[in-house]
There are 2 protein chains.
Amino acid sequence: MRAALMYAAGDVRVERVADPVLKESTDALVRITAACICGSDLHHYHALPASAGPVRMGHEFIGVVEETGADVASVRPGDLVVAPFAYSDGTCEFCRAGLQTSCLHGGFWARDGVDGGQGEAARVPLADGTLVKLPVGPDDALIPSLLTLSDVLGTGHHAAVRGGVRRGSTVTVVGDGAVGLLAVLASKRLGAEQIVLMGRHTARTDLGRAFGATDVVAERGAEGVERVRELTGGGSAVVIEAVGLRPAYEQAYGVVRPGGTISRVGAPQYEEAPIGFGSLFGHNITLTGGPAPARAYIDTLLPDVMEGRIEPGRVFDRGVDLGGTPEGYRAMDAREALKVLVRP
Amino acid sequence: MRAALMYAAGDVRVERVADPVLKESTDALVRITAACICGSDLHHYHALPASAGPVRMGHEFIGVVEETGADVASVRPGDLVVAPFAYSDGTCEFCRAGLQTSCLHGGFWARDGVDGGQGEAARVPLADGTLVKLPVGPDDALIPSLLTLSDVLGTGHHAAVRGGVRRGSTVTVVGDGAVGLLAVLASKRLGAEQIVLMGRHTARTDLGRAFGATDVVAERGAEGVERVRELTGGGSAVVIEAVGLRPAYEQAYGVVRPGGTISRVGAPQYEEAPIGFGSLFGHNITLTGGPAPARAYIDTLLPDVMEGRIEPGRVFDRGVDLGGTPEGYRAMDAREALKVLVRP
């Protein structure tokens, strides 16, 4: 089959790789019909050293089950399924607690001999715990929205849930990428009253307004902090950090209200950062978040997508075939595209 | 009057200072009858540069009201009162929300021209919001336990509350100082089932056991982490960090369970520390805590102290008069004393 490989920063190619085969009785083989490029893939696109490549890419996909191992019971050949960005057994204590990204036997796509989502097919480990059957066909108009259940919608939802967003909340979202915009949508869905979106790409912040943002702040740094503190009457009780870079985290603790919560879902591209008296401790700021258990949220969010109450698929503003994946990366990196749908 | 002054690290003296007088109509003057030395005072004792001294010290006290400003309504001359470690107006939005340490008009003792607790008397700003009348006399046997309402009991309680401790919780407490031990007591009071205390001073950990610790881990570093993970079957859902030094924080994220919470109440003596994928983010660890709104907790905890259901005053293992304050610092710094009561 063909799949995207990243050889080094800025160097993505689509090449022939080994066809996946069943290895464990809990595996399924899935022919991928829709995948996409994630903002977090761009971290590799900026920094992957040639010595670490080539690596498989992609962790969001929908596809048709082609074959299942003897112990797979929940899906069968012919089913259309969506895969969350982490596979998980569905039975360990963390899965049962709804934290599938810490599954004792799970893992992430495109690592450790597991296929990526940007390819024609994938072996899915722990298929029963991982895959969710979709009640539509592979060419349904809802596919873009359903594909966001793999990651970005669940991640935006996780940010809001962990931040404690509820009816009447004031929320500030740092970052106007797909996750930031879907954190706006998720906050709105949970009843937030004021949603401040920090971003400066008008096409994106316009979509943010459509998703529920009540205010847009284009300024950054001290000016951005001042503007948000003004708009929120002294700071935002909930701040969602949807970027993963240190300046976004600094922005977050700059705008949070005493006693408030910063919920991070942008995979941090830093290890150390301020958490002392002057940043978090002095005013009892809570820092939370992490990789979203997207699998847990599919059940919660699927009905709203199916019934058209939310349209998260609007984050896709470009589509390519598998061969167009390198161009998709270039367009997202250049901020010409917000999020690119790949149809293998 | 006389008060303790710290001239530089290791140099505490008791000297004559100006008698406090009422400055604002919301002030009260309090003659201090019981005060104490806090683990956080030792940070100054280790590091205060001579160029920054002399500074007043102490932020925990009980005393008798001697005079009140015209606008003070809740206490009157002759009342025995306890002061929390921050003064606060009791009326701003943060006070109303129970976060008096972020009061818009409040502050901390021994700063900005406000007296410290280690002295014969103090001007108390915002007396109505700050002071709580005690239903005993100044020589009551309960005074040591009541004095812990100023800080260490409220701080231990805050750690447990912010950590989400409830019936059946597993909690690990890093640090066997007075705050750590009272975090054990507070966790037990809230129904924790397993309480692991990390500390290696037997006299202290024995008191920790009396307060409710079910396990004591004397090891530190990787060995301590391994021992706690073993005792808790894979990590502690709640970890209370009651020290404020970076190794204690590192210990905390080493022993926390995926999806768990680290609650910090030791004033951090560092600003930057790890919070990325490998420490907090990867397993959705929540970091919370800050200066305890001790004022808010006095109402909650006072009945249990009055009725003898808890005996937090057991953390005091030495008493001095005001002149003995420098010796009290020395003894606490040398770990000869756990916590020193000062009777001016």
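Residues numbered from 1 in each chain as written. Chains lettered and ligands numbered in written order. Predicted model: local features only at pLDDT ≥ 70, side-chain atom pairs only at ≥ 80, totals over all residues. Heavy atoms only, no water.

Draft legend 1. Just the pattern of salt bridges, in detail. Residue and element names in this part refer to chain A. Applying the stated criterion across every chain, the model contains 38 salt bridges over all chains. For Lys133, the salt bridge identified is with Asp79, shortest N-O distance 3.4 Å. Of this pair, Lys133 sits in strand β10 (residues 132-133) while Asp79 sits in the loop between β5 (61-68) and β6 (80-83), and the two are 54 residues apart along the sequence. Via salt bridges that share partners, Arg189, Asp304, Glu307 and Arg309 belong to a single interconnected network. (Salt bridge = Lys/Arg side-chain N within 4 Å of Asp/Glu carboxyl O. Helix = DSSP H or I, 4+ residues; strand = E, 2+ residues; numbered from the N terminus.)

Draft legend 2. Region of the structure containing the relation of the copies chain B and chain A. Superposition of chain B onto chain A requires a rotation of 180 degrees combined with a translation of 0.0 Å along the rotation axis, giving an RMSD of 0.0 Å. The transformation relating the two chain copies, once decomposed into turn and shift, fits a two-fold axis. Relative to the rotation axis, the C-alpha of Leu287 of chain B is the closest in chain B, positioned 2.5 Å from it. The fraction of interface residues of chain B whose copies in chain A are also interface residues reaches 100%, indicating that both copies meet through the same surface. (Least-squares fit on C-alpha atoms with pLDDT ≥ 70 in both. Contact = heavy atoms within 4.5 Å.)

Draft legend 3. Expanded view of the domain arrangement of chain A. Residues and elements named next belong to chain A. Domain annotation for chain A reports domain 1 (2-151 + 293-343) and domain 2 (158-289). Here the C-alpha centre of domain 2 lies 27 Å away from the C-alpha centre of domain 1. At the interface, 17 residues of domain 1 touch 19 residues of domain 2. Taken as a group, His43, Arg335 and Leu338 account for 38% of the area that domain 1 buries against domain 2, more than any other trio of residues on that side. If you look at where domain 1 meets domain 2, you find two salt bridges. (Domains from an automatic or database assignment. Buried area = accessible area lost by both parts, 1.4 Å probe.)

Draft legend 4. Representation of the packing of aromatic side chains within the structure. All names here are of chain A. Under the criterion given, the structure shown has 14 aromatic pairs over all chains. Of the aromatic side chains, those joined through ring pairs into one cluster are Phe61, Tyr87 and Trp109. Above the plane of the ring of Tyr7 lies Arg13, whose end atom (NZ or CZ) is 3.7 Å from the centre. (Phe/Tyr/Trp six-rings, centres within 6.5 Å; stacked < 30°, edge-to-face > 60°. Lys NZ or Arg CZ within 6 Å of the ring centre and 35° of its normal.)

Draft legend 5. Fine view of the side chain of Asp79 of chain B. Residues and elements named next belong to chain B. Taking relative accessible area as the criterion, Asp79 reaches 8% and is therefore assigned buried. Among the polar contacts made by the side chain of Asp79, one reaches the main-chain amide nitrogen of Arg76 at a distance of 2.9 Å. The contact partners of Asp79, leaving out residues within four places of it in the chain, are Gly63, Val64, Val65 and Lys133. (Buried < 20%, exposed > 50% of the residue type's maximum accessible area, 1.4 Å probe, protein only. Polar contact = N/O pair within 3.5 Å; in protein donor to acceptor, adjacent residues only side chain to side chain.)

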